[in-house]
Structure formats: structure tokens, C-alpha cells
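# Descriptive structure summary
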Amino acid sequence: MAGRKLKEAILAAQELAIDEVANEEQETWSHLHLKQRVLLSKDSHGIYSVQFSPDARQLAVGFGNGAVQVLNARTGQLFSDVFTGQRTRQAVTSLSYHPEVINLLVTAGADGIISIYNTESKKRLVNIREEDNEINALDFCLDGSVFATAGKDRNIRLYDSKTNQILKILNAPDITTRDELSLMSGHSRRIFALCFHPEEYHLFATGGWDDSVKIWDKRLEKEALKMMNGPHICGPSLDIKGSKLLTGSWVPHDALQLWDFRSLKLEKPIPFPVGSGQNEYLYAARFCNSQVAIAGGSGTTSAHAINYQTTQDLGEIELGGNTVQTVESALGGQLVAVAGIGGNLHIASLT
């Protein structure tokens, strides 16, 4: 009874509290300008994740052999080989900086290993292993007190960022016995994306192979707050900005979609440009600001920045026939990073 009342109160508060960003960007963006392609020593292993630091001075890069490099975000110059990687390690699938301790970087990989680094001292502080799991997604909550992981085993783990101990596990349902299986129970197939709301302390979203997106409150013990069917998410292609939710699906058409975060109703598909004989098949998608999103994948082997209000294509970053696996943006699109198979890190900006 108490749990249901808390859930109802949270939903009611959410309707009142989450609104459009108060200070919408007034600037009109017309072009995605490529600043440079950055060649890195680990490129042959492929880049699976990128993340700008909260102050936008650093760009962390995760490679297929577990290596992590930190660059100057504006110049692309190597700042630090945080971890050089090993033959026995697997891809760094997700990276997240602590939102308030800007030199604290948490990485997670397909081998189930979470590593925490100080990017200034270039020291690894902690290693955590999630046994029998492949971690695909990682994110911090708004104040950095908690980070969450998700992946192959479908469980969502919430960690205390001070102690690095598990606070809570939102267990996935047993799909063989169908015990406790409901629309609001956990995902039925592996999770590939997880992101906290950037303006709300407790809410986060997850998505994956089961063609659903679920909204969770980290204070609740078991079930999701709400869910929707549709997006087939296969990478870091889930993002939240204000009352908007962005999804990128690995499907041939209508892959990029904009949703209302509160109602989870589809607002509109965002046309993603394709050439003759191409399909969309998106792996990664991010908001740049309140007008523009960037997305890419294997269909066009490129990323496009799109004004989702007008549907105007602002520009393309091509990866020479290689799949886009990760995109990221900072400072309202003044910094954009795109990378994937073969490395192919490109730094761009909206103008």
C-alpha cells in the first residue's frame, strides 16, 4: 500500500514538476561544422563510447580493447592514457563523468568491469566486476550521488558513488517461469541504454532489445513507473531533455523519434537522411540543444545533425563506410563528437 501511494505521488509530482526548459535557446543553428578528425593510437580497436566532462574541457574515449584515453575536448590532443587496454579486456561500452567531481570518470565494459579513474592524477581508484554480466549502459543521477548500470542480464544496479557499493538491484523478471512478469516489471531482453533525467534527481529511462522504453524512479523498489512500446534500441540512443525523450532505433525507417517524457506519447518521427539504397539503422542518438539532435549508425555509416523542430538536416559526418557507434554533445552543440568502427573520432560544432 505504501509503495503504491509513493508511486502515485511521484507520478502526480512529475506532471507538475517536469516542464519545458525554462530558458530555451534563442539562437538558430544552421550548420554542423566539422572541426577535425582525430587519429588515436587505439583506433584499430574501434571506439565504442565517448563522453565530455561537465566543464567540457575533456573528452573521454572508450575503445574495444578496454583502453580509455582522455583528450583535450577542443583540440583533440591526448591528455592522458588512463588505461592502455589488454588483450583479455572487452569494449568500454559506456563512460560517465561525475557531474560535480569533474575529474572522476566511471567506465563500464562488455566484460562486466566497472572502473573509476581520476583523470588528473591518471590513477585507477576502483575496479568492480559484475559477474556474468555484459554492461552496456552507465549514467550518474543529477547530483552524482548514485550511478546506475544495465546490460545483458537485464538487472539494473544502483551504486552509491561515495562507497561504490550496490544500493539496490532492480531485478529483471524470470521470463522462463513468467513469475512477477508485468508491463511494469523489468526488461525481457538485454538493455542497451540508460539515462537519468538531467533536471530531476530520481527519474531515469532504459531501453533495449525488447522494443520498449521504461521510466524508473530510483526510490522505488521494484517496478517501473511507466513504459512504452516501440523503440528497438541497440546502443546509446536514448536521451532526455526537459519534457522530451529522444530514441534512436536499429530499424530501417522512422528510426529517430521524439516523445513526450510525461505521457510517453510519440510527438513525431524525425526524418533521418538516407541515400539511394540505404536504410537508417541507428545505434546512437543525443540531444544537442532544444532544437537539434545528432544521430548515427550502420545504415548510412554517418551521423547527421537535425533540427527536429523544422526537420532540416544541418550536416553530416561520414565515417568512410564505418559504422557510427557513439555520438555526444556538450555546450548546447558547440562541441560534438562522433566515432565508431576503426576509431574515426570526429570533433564538430553547430554554427
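Anything mentioned here points back to the structure above.
The following paragraphs examine the structure supplied in this document. (Residues numbered from 1 in each chain as written. Predicted model: local features only at pLDDT ≥ 70, side-chain atom pairs only at ≥ 80, totals over all residues. Heavy atoms only, no water.)

## Considering the nonpolar core
Within the largest apolar cluster, 18 residues are counted, with the highest numbers of intra-cluster contacts made by Leu40, Ile47, Val50, Leu59, Val61 and Leu345. Those elements that place two or more of their residues in this core are strand S2 (47–52), strand S3 (58–63), strand S27 (335–340) and strand S28 (343–350). In this view, Leu40 contacts Ile47, Val61, Phe63, Gln69, Leu71 and Leu345; residues no more than four positions away in its chain are not counted. (Core = buried A, V, L, I, M, F, W, Y, C linked by side-chain atoms within 4.5 Å. Buried < 20%, exposed > 50% of the residue type's maximum accessible area, 1.4 Å probe, protein only. Helix = DSSP H or I, 4+ residues; strand = E, 2+ residues; numbered from the N terminus. Contact = heavy atoms within 4.5 Å.)

## Some thoughts on the pairing of strand S4 (residues 68–72)
The buried count for S4 comes to four of five residues, which makes it a mostly enclosed element. One ladder, built from five bridges, connects S3 with S4; its direction is antiparallel. Residue Ala60 lies in a different strand from S4, and its bridge partner there is Val70. Here S3 folds back onto S4 in antiparallel fashion, the turn holding four residues, of which Gly66 has a positive phi close to 85 degrees. Where S4 lies against strand S5 (residues 78–83), four bridges are found, and the strand directions are antiparallel. In the strand pairing of S5, Gln69 is matched with Asp81. (Pairing = 2+ DSSP bridges.)

## With respect to the packing of aromatic side chains
Inspection of every chain in the model, using the stated rule, returns eight aromatic pairs. Aromatic pair Phe147 and Tyr159: ring centres 4.9 Å apart, planes at 10 degrees, arrangement stacked. Residue Phe147 is found in strand S11 (residues 146–151), and its partner Tyr159 is found in strand S12 (residues 156–160); the two are separated by 12 residues along the sequence. The exposure class assigned to Phe147 is buried, which follows from its relative accessible area of 1%. Its relative accessible area of 2% is what places Tyr159 among the buried residues. An angle of 40 degrees between the planes, with centres 5.2 Å apart, marks the rings of Phe192 and Trp209 as tilted. (Phe/Tyr/Trp six-rings, centres within 6.5 Å; stacked < 30°, edge-to-face > 60°.)

## Let's talk about the pattern of salt bridges
When their charged atoms lie close together, side chains carrying opposite charge are able to pair. Evaluated as defined, the whole model comprises 10 salt bridges. For Asp217, the salt bridge identified is with Arg219, shortest N-O distance 2.9 Å. Given the relative accessible area of 1%, Asp217 is considered buried. Glu267 is the partner of Lys244 in a salt bridge, and the nearest nitrogen-oxygen pair spans 2.8 Å. Taken together, the residues span a long stretch of sequence, with Lys244 in strand S19 (residues 244–248) and Glu267 in strand S21 (residues 266–269) at a distance of 23 residues. (Salt bridge = Lys/Arg side-chain N within 4 Å of Asp/Glu carboxyl O.)

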